[in-house]
Amino acid sequence: MTDASMTNLSRPGAPEASFGDYFALLKPRVMSLVVFTALVGLVVAPVPVHPFLGFVAILCIAVGGGASGALNMWWDADIDAIMRRTKSRPIPSGKTSPGDALALGLALSGFSVAVLFLAAGPLAAGLLAFTIFFYAVIYTMWLKRSTPQNIVIGGAAGAFPPMIGWAAATGDIAIESVLMFALTFMWTPPHFWALALFVKTDYGDAGVPMLTETHGRRSTRRHILAYTVLLVPVALGLGFTSIGGPVYLAIAAVLNLQFLAGAWQLFRRSEEQAEADGYAAEKKVFKISLGYLFLHFGALLIEAALRPWGGSWQILSGLFGA
Amino acid sequence: MRVEHELHHRRRGRNLGVGLLLVAFVGLIFGLTVVKTLSLGSIVELERFDHVARPQLVPQAKEAGQ
């Protein structure tokens, strides 16, 4: 073994990346939400899927999501180096090079789309390709640094997985999959802005426009309420489609009442009131929003699990002798 | 005397990871092939993947033979 083989020739002085560093480029925490919502989209679809094909489809959606994360880290390496939250990511911390992230992102994008095409057909593969393009190009490269509505646009990319899962099972787009998309899409802004109200971010230092900084906190509170009001009919509407039912509707009614009441409280509060109690209401709404999405998709899974017994409407009418 | 550098541990871990991923990829494609093949409706559909020309798959050829 020579000395030359013990140094990183592409970046002299920099340590060589480990397997874990490459894995970190895929944003594994974001991947978990992608896997869960895609799995629900696949399972609640009315067409049964072979378990192995279902596994491959979910794997491809997760890898595709990870690939777009790597492309995002490649492009955003300059601002990641400025912000506290992202400073320790593999590129700004010097563990991997931007070129490595770009290569990994492109290779995994190609892999995930090609294998999903083989496993689930052209629509699911096309939707995955569009999602990667949307997140990496439309959001990361174009709109993230140019509009304070960047969270809304980024939310669209995160909302596609249940639609891809549904398309993998049925080969089609339906009102159910569009509403699952809309649920995640409308949920993202109030969820993120509630967090932005009580966490001091340094997006401004990095030149990324955030609503709290460009339009002020009063406007952010208005935006939270507006998006929550628009979210409610989407969430409840899903309950009246073929994948909904009384169990979903009951859970959704409670969650939406809670979320709406929280958003209304945030709208009514002044900044002085929020500061006085240490942003207690803002933290509470953020907590509610965390459970909100998980429990909605969980309720859809319960409805799907009840299908062998005729579905929850059938069970309910049986219980009450209708 | 042979001294093991920390870098070698990291490289070994990375190479092992890539190796396992490649094996998993082979398994994935093999599994896909098996599932897709077994889910075909009839033997005629399976023969479509054969690179040998099979006149019996063409209805006109079948009729001409009768």
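Residues numbered from 1 in each chain as written. Chains lettered and ligands numbered in written order. Predicted model: local features only at pLDDT ≥ 70, side-chain atom pairs only at ≥ 80, totals over all residues. Heavy atoms only, no water.

Looking at an unreviewed UniProt entry, one finds chain B named Cytochrome C oxidase assembly protein and attributed to Limimaricola hongkongensis DSM 17492.

Chain A is annotated in an unreviewed UniProt entry as Protoheme IX farnesyltransferase from Limimaricola hongkongensis DSM 17492. Listed in UniProt under the heading Sequence similarities (unreviewed entry), the comment for chain A reads: "Belongs to the UbiA prenyltransferase family. Protoheme IX farnesyltransferase subfamily." The UniProt entry for chain A carries the following text under Subunit (unreviewed entry): "Interacts with CtaA." (UniProt positions renumbered as here; feature names shortened; annotations may be inferred.)

Caption draft 1: Expanded view of the overall build of chain B. In terms of regular secondary structure, chain B is built from three helices and zero strands. Along chain B, from the amino end to the carboxyl end, the secondary structure elements read α-α-α. Here chain B holds 66 residues, and the buried ones make up 15% of them. Taken as a whole, chain B presents about 5,500 Å² of accessible surface, with 66% of it coming from carbon and sulfur. (Helix = DSSP H or I, 4+ residues; strand = E, 2+ residues; numbered from the N terminus. Buried < 20%, exposed > 50% of the residue type's maximum accessible area, 1.4 Å probe, protein only. Areas by Shrake-Rupley, 256 points an atom, 1.4 Å probe, with all protein chains shown as cover.)

Caption draft 2: The arrangement of the packing of aromatic side chains in detail. All names here are of chain A. For the structure shown, the criterion picks out 14 aromatic pairs over all chains. Plain terms: the ring middles of tryptophan 193 and tyrosine 227 are 5.6 Å apart, the flat faces sit at 65° to each other, and that makes the pair edge-to-face. Here tyrosine 227 lies in helix α11 (residues 216–238) and tryptophan 193 lies in helix α8 (residues 175–198), a separation of 34 residues in the sequence. Aromatic rings pair up to connect Phe130, Phe134, Phe160, Phe181 and Phe185 into one cluster. (Phe/Tyr/Trp six-rings, centres within 6.5 Å; stacked < 30°, edge-to-face > 60°.)

Caption draft 3: Seen up close, the pattern of salt bridges. All names here are of chain A. Per the stated rule, a full pass over the model turns up nine salt bridges over all chains. The closest approach of N and O atoms between arginine 145 and aspartate 76, which form a salt bridge, is 2.8 Å. With arginine 145 in the loop between α6 (122–143) and α7 (150–170) and aspartate 76 in the loop between α3 (51–75) and α4 (77–80), the pair connects residues that are 69 residues apart, well separated along the chain. Residue class for aspartate 76 comes out buried when judged on its relative accessible area of 0%. Arginine 269 is the partner of aspartate 277 in a salt bridge, and the nearest nitrogen-oxygen pair spans 2.8 Å. A residue is classified by how much of its surface remains accessible, and arginine 269, at 8% relative accessible area, is buried. It is possible to trace a salt-bridge network through shared partners that takes in Arg217, Arg221, Arg269, Glu271, Asp277 and Glu282. (Salt bridge = Lys/Arg side-chain N within 4 Å of Asp/Glu carboxyl O.)

Caption draft 4: Up close: unusual backbone geometry. Residue and element names in this part refer to chain A. One non-glycine residue, lysine 27, adopts positive backbone phi at about 50°. By secondary structure assignment, the location of lysine 27 is in the loop between α1 (19–24) and α2 (28–44). Lysine 27 gets classed as buried once you look at its relative accessible area, which sits at 13%.

Caption draft 5: Examining the UniProt feature "transmembrane region" (unreviewed entry) in chain A more closely. Residues and elements named next belong to chain A. UniProt's feature table lists "transmembrane region" (unreviewed entry) at residues 30–49, 55–75, 96–117, 123–143, 164–186, 224–241, 247–267 and 288–306, given in the numbering used throughout. As annotated, residues 123–143 has a helix share of 100% and a strand share of 0%, and its two end C-alpha atoms lie 26 Å apart. As a span, residues 224–241 carries 83% helix and 0% strand, and end to end its C-alpha atoms are 27 Å apart.

Caption draft 6: Structural context of helix α5 (residues 98–120) of chain A. For α5 of chain A, built from 23 residues, the straight-helix expectation of 33 Å at 1.5 Å per residue is met to within 8% by its first-to-last C-alpha distance of 32 Å. Listed in full, the buried residues belonging to α5 of chain A are Ala101, Gly105, Leu108, Ser109, Ser112, Val115, Leu116, Ala119 and Ala120 of chain A. Its buried side turned inward, α5 of chain A meets α3, α6 and α7 of chain A together with α1 (6–38) of chain B. Backbone geometry just after α5 of chain A places glycine 121 of chain A at a positive phi near 100°. (Expected span 1.5 Å × (residues − 1). Contact = heavy atoms within 4.5 Å.)

Caption draft 7: Looking closely at the UniProt feature "transmembrane region" (unreviewed entry) in chain B. Annotation from UniProt places "transmembrane region" (unreviewed entry) at residues 16–35 of chain B. In the segment residues 16–35 of chain B, helix accounts for 100% and strand for 0%; the C-alpha atoms at its two ends are 28 Å apart.

Caption draft 8: Quick look at the side chain of serine 112 of chain A. All names here are of chain A. As for its position among the elements, serine 112 is in helix α5. A distance of 3.0 Å separates a polar side-chain atom of serine 112 from the backbone oxygen of serine 109. If near-sequence neighbours (up to four positions away) are discounted, serine 112 is found in contact with Cys60, Val63, Gly64, Leu128 and Ile132. (Polar contact = N/O pair within 3.5 Å; in protein donor to acceptor, adjacent residues only side chain to side chain.)

Caption draft 9: Highlighting the interface of chain B and chain A. Across the contact, 17 residues belong to chain B and 20 residues belong to chain A. Summed over both sides, the interface of chain B with chain A buries roughly 1,600 Å², with 74% coming from carbon and sulfur. In this structure, the connection of chain B to chain A is made through zero salt bridges. Summed over the shared surface of chain B and chain A, the result is three residue pairs in polar contact (both at pLDDT 80 or more). Each residue belonging to the side of chain B that touches chain A can be placed in one class, and the counts come to seven nonpolar, six polar and four charged. (Buried area = accessible area lost by both parts, 1.4 Å probe. Nonpolar A, V, L, I, M, F, W, Y, C, P; charged D, E, K, R; others polar.)

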